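# Results of the structural survey
In case you want the letters, here they are:
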Amino acid sequence: MLPVGPSRPIIFGILNVTPDSFSDGGAHDSVAAAVEHAVQLFASGADIVDVGGESTRPGAVRLEVAEEQRRVLPVVRELRAQGIPVSIDTLNASTAAACAELGAAIINDVSAATADVDMALVAAESKLLFVACHSRGSSATMNTRTRYVHPIAEVRRELEYRLAALITAGVKPERIILDPGIGFSKTSEHNWALLAGLHEFVALGHPVLVGASRKGFLGELLPAEAAVTERDPATAVISALSAEAGAWGVRVHDVVSTKAALEVWSAMNGARTNGARTTGARTTGARK
Ligand code: PMM
């Protein structure tokens, strides 16, 4: 079953257990520190903690799988022991399989199962939810593959190819979550275009996840010297706008601000629904 938020998108709290991730790298590079941060994310309102051990930022070099697992497996094991839902952010099928064994609920693969030929099979066999994120090339090459004529149509089409490949490999369609891959092989202009056209991804009929948190294009709205954490208010606004466009989930570093933004959206959305009912009732009443 898909975990669906009762009245708002699901919040993925980001836990990067990496020394080099662009916005929080190095902050949680011991198991204890990582678990403590994850517990905090959960207590702040994250519905699930997205654990990643390998940086996917543009230019990052690939990590040995053994090192990735050394970083993430103890953290995933401990979070599951504490009853915290876990999503595993990995390009590696063996890491995904090991985390599935430990009780992870979601495999989050920013390559949409293109980086590891075994990933689609692991996704199919594990029966976990699978996030298929749009990207082109690898972290080493993605910044050179940013040519689009119609970004929304092209990203949609490329995601649909991945969807078809996953389904052919045996992943049940209802377990596939789509993600337009904000910041992956895209310029700022493309990122804004994709966010503005998010409803067109929602229209594909799969849950849609949005990962814009603290990304570089948000930094362009701020003074050059601003810290990455200063991108959190903009991230929270994007969370609310994503909810409005029908997103199923948002992946964020700062859960507190996104939770507040989603509660505002949820209250307004509820009032809109109730308001429509009230107006309808009054109209009916007036007609009588
Ligand atoms: N972005 C990053 C990592 N994992 N997963 C999904 N599904 N979508 C994203 O946009 C995404 C991701 C890179 O950001 P980080 O280094 O802050 O984790």
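Our subject is the structure that appears above.
Residues numbered from 1 in each chain as written. Predicted model: local features only at pLDDT ≥ 70, side-chain atom pairs only at ≥ 80, totals over all residues. Heavy atoms only, no water.

## As for the site of the ligand
- If you check the shell around the ligand, you find 17 residues, and the closest are D89, N108, D179, K215 and R251.
- Separating an oxygen atom of the ligand from a side-chain N or O atom of N16 is a distance of 3.1 Å.
- Mapped onto the shell around the ligand, the elements with two or more residues apiece are β1 (10-16) and β5 (129-133).
- For the shell around the ligand, the per-class residue count stands at seven nonpolar, six polar and four charged. (Near = heavy atom within 4 Å. Polar contact = N/O pair within 3.5 Å; in protein donor to acceptor, adjacent residues only side chain to side chain. Helix = DSSP H or I, 4+ residues; strand = E, 2+ residues; numbered from the N terminus. Nonpolar A, V, L, I, M, F, W, Y, C, P; charged D, E, K, R; others polar.)

## Things to note about helix α1 (residues 31-43)
- Helix length check: α1 (13 residues) gives 18 Å between terminal C-alpha atoms against 18 Å at 1.5 Å per residue, within 8%.
- Of all the positions in α1, only A34, V35, H37, A38 and L41 are classed as buried. In an axial view of α1, the angular spread of the buried residues amounts to 160 degrees, which keeps them on one side of the axis. Those residues of α1 that are exposed and aimed more than 90 degrees away from the buried face are A32, E36 and A43.
- Backbone geometry just downstream of α1 places G45 in the positive-phi region, at approximately 120 degrees. (Expected span 1.5 Å × (residues − 1). Buried < 20%, exposed > 50% of the residue type's maximum accessible area, 1.4 Å probe, protein only. Arc of directions from axis to C-beta.)

## Re the packing of aromatic side chains
- The final tally for this structure, using the stated rule, is two aromatic pairs.
- With a centroid separation of 5.8 Å and 70 degrees between ring planes, the pair formed by F12 and W248 is classed as edge-to-face. With F12 in strand β1 and W248 in the loop between α9 (232-245) and β8 (249-252), this residue pair connects regions lying 236 residues apart in the sequence.
- Relative accessible area serves as the criterion here: at 0%, F12 is assigned to the buried category.
- Classification of W248 as buried rests on a relative accessible area of 8%.
- Geometrically, the ring pair formed by W192 and F217 is edge-to-face, given 4.9 Å between the ring centres and 70 degrees between the ring planes. With W192 in helix α6 (residues 188-196) and F217 in helix α8 (residues 216-219), this pair connects stretches of sequence that are 25 residues apart.
- With a relative accessible area of 35%, W192 lands in the partly exposed category. (Phe/Tyr/Trp six-rings, centres within 6.5 Å; stacked < 30°, edge-to-face > 60°.)

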